[in-house]
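Listed here are the chains, written in short residue letters.
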Amino acid sequence: MNGLWKLGTAFAALMAVAGGAAAEEKLAWRLFVSDHAAGKVTVIDALAGRTLDTVPIKGPASLYRTDSGRTVFAVQGPSGVVQAISTGIAFEDHGDHGDIDVTAPRLVDLDLAGGKPAHFVERRGRIAQWFDGEDRARFLAESDVLDGRSRVRTASVFAAHHGVAVPYGDHAVVSIPNPEDAGKRPIGARVIDFEGRQVGADAPCPGLHGSAGSGDLHALACDTGLLLIREQGGVPEITHLPYASSLPEGSSSTLIGGEGLRYFVGNYGADRVVLIDPAAGADAFRLVQLPTRRVHFAVDPIRPRFAYVLTEDGQLHRIDVIDGKLAGSLRLTEPYSMDGHSSDPRPRVAVAGDRIVVTDPLKGLLHLVDAEGFRAAGEIAVEGRPFNIVAVGGAGQSHATE
Ligand code: ZN
Ligand code: ZN
């Protein structure tokens, strides 16, 4: 049997190599935290635990960081706009080592206004921004955004609907709206180019919702399983991975992609998550039962073996994605019931280096957890209702004296 569930030994060796860091390295981690009610992003030095800046934006935002960590996008559905913040942390590959360059965070000159901006997907510096109220998706490059150039391409998505686009250079994968009622979930996915041509056959995906990248794969969640997208010669190719017949009734509609290990974690019922390794054959889907309903989950990019789930009883759980089991639980917040409206303020989870960070909007706090020992490690106060959060940073060399 293949797949990462059997990777234990190779994984240990990999982590030993990763631990051999050079002594002259500089470390920087920043947290970007949006507010549940106000138009602002608080930028926090995660190592010093202090606020660096408060960036005014137009309204409450969902936040997305790019793979490079150079940009955080603030998607503001109710305000009908997408803005972007240069994080001020950039890495440059110098071959045998990486350099880190740290400058002040700043709002960049991007004002993507449109009808109901929703799902945001970034792949290798290319961005697809979906607008639920429009029949065209917009595509742009992170480098253009950072340089203040507004080069935006669009592609038809047939009818306005709550869907998603995945960017692949001169192609994109886009959701296909329900032909009877575009207000319902999409029915499939299609590869298109920017001249309006379709490439290959439509891939059926009833109930399409949820998208994530991991390694060389991008996945879309359907009622029937996952669509897996691979790039072949610059053109995306779609295959279908059906849910295992051993799974109980259900499906995923939110996915996150593993970093460092190629897997996906998704919802599957209100009080479970599913771990998905497309290479594991009959063991591709494994369910992890939670004690109560799930509020939010995140993967650990530094310790790829772990993902974290916050449940409505205020506990943070560590999931060992190789063993497929809970590996520790820690009470962090007061209960945040999943009853009520989906847009109510509830905690969100991010990982910044050695710290897992959990927002606590009703207390105006960030809870810090030591990721190695899985122990509470302090709090950071944030004015207002800290809600969505992303972290960027890492270690690199700085050649100040060379
Ligand atoms: Zn260098
Ligand atoms: Zn959605």
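Residues numbered from 1 in each chain as written. Chains lettered and ligands numbered in written order. Predicted model: local features only at pLDDT ≥ 70, side-chain atom pairs only at ≥ 80, totals over all residues. Heavy atoms only, no water.

**Remarks on the overall build of the protein chain**
Piece 1. Check the secondary structure of the protein chain and you find two helices and 35 strands.
Piece 2. Compactness check: the protein chain gives a C-alpha radius of gyration of 20 Å against a globular reference of 21 Å for 402 residues, within 12% of the reference.
Piece 3. A total of 402 residues make up the protein chain; the buried ones form 54% of that total.
Piece 4. Summed over all atoms, the accessible surface of the protein chain reaches about 17,100 Å², with 48% contributed by carbon and sulfur.
Piece 5. Of the side-chain charges in the protein chain, 39 are positive and 50 negative, and the distance between the mean point of each set is 3 Å. (Helix = DSSP H or I, 4+ residues; strand = E, 2+ residues; numbered from the N terminus. Rg over C-alpha atoms; globule rule 2.2 N^0.38 Å. Buried < 20%, exposed > 50% of the residue type's maximum accessible area, 1.4 Å probe, protein only. Areas by Shrake-Rupley, 256 points an atom, 1.4 Å probe, with all protein chains shown as cover. Lys, Arg positive; Asp, Glu negative; His and termini not counted. Charge placed at Lys NZ, Arg CZ, Asp CG, Glu CD.)

**Let's talk about the coordination of the zinc ion (ligand 2)**
Piece 1. The zinc ion (ligand 2) binds to the protein through His119 (NE2), His162 (NE2) and His209 (NE2); the donor distances cover 2.0 to 2.1 Å.
Piece 2. Taken in sequence order, the residues that donate to the zinc ion (ligand 2) follow the motif H-x42-H-x46-H. A residue pair is termed long-range when its members are at least 10 positions apart, and His119 in strand β11 (residues 117-123) and His209 in the loop between β18 (198-204) and β19 (211-214) qualify at 90 residues.
Piece 3. Owing to a relative accessible area of 15%, His209 belongs among the buried residues under this scheme. (Donors = N, O, S within 2.8 Å, 3.2 Å for Na, K, Ca; no water.)

**Describing the sheet that holds strand β13 (residues 136-141)**
Two modes of strand pairing occur in sheets, parallel and antiparallel, and in both the strands are linked by backbone hydrogen bonds.
Piece 1. An order of β11-β12-β13-β14 is seen for the four strands of this open sheet, with the pairing classed as antiparallel. Whereas interior strands pair on both sides, the edge strands pair on one side only; in this sheet they are β11 and β14 (153-156). Each adjacent strand pair in this sheet contributes to an overall mean axis angle of 25°, direction not counted.
Piece 2. Across five bridges, β11 lies against strand β12 (residues 126-131) in antiparallel orientation. Of the residues in β12, the one forming a bridge with Pro117 is Phe131. (Pairing = 2+ DSSP bridges. Axes fitted to C-alpha atoms, helices over the stretch in contact; angles between N-to-C directions.)

**Concerning the sheet that holds strand β26 (residues 285-289)**
Piece 1. Ordered in space as β23-β24-β25-β26, the four strands form an open sheet in which the pairing is antiparallel. Of all the strands in the sheet, just β23 (255-257) and β26 have a single pairing partner and so form its edges. Across the sheet, the mean angle from the axis of one strand to that of its neighbour is 25°, orientation sign disregarded.
Piece 2. Across three bridges, the pairing between β23 and strand β24 (residues 264-267) is antiparallel. Pairing of Gly257 across the sheet is with Phe264, part of β24.

**Let's talk about the packing of aromatic side chains**
Piece 1. Counted by the stated rule, this structure contains six aromatic pairs.
Piece 2. Ring plane angle 80° and centroid distance 5.6 Å describe the contact between Tyr243 and Tyr268, whose orientation is recorded as edge-to-face. One end of the pair, Tyr243, is in the loop between β22 (235-242) and β23; the other, Tyr268, is in the loop between β24 and β25 (272-276), with 25 residues separating them in the sequence. When sorted by exposure, Tyr243 lands in the same class as Tyr268, which is buried.
Piece 3. Each member of the aromatic cluster is reached from another via a ring pair, and the members are Tyr64, Phe73 and Phe120.
Piece 4. Sitting above the plane of the Phe131 ring, Arg138 keeps its charged end 4.0 Å from the centroid.
Piece 5. One cation-aromatic arrangement involves Arg153 over Phe194; the distance from NZ or CZ to the ring centre is 4.0 Å. (Phe/Tyr/Trp six-rings, centres within 6.5 Å; stacked < 30°, edge-to-face > 60°. Lys NZ or Arg CZ within 6 Å of the ring centre and 35° of its normal.)

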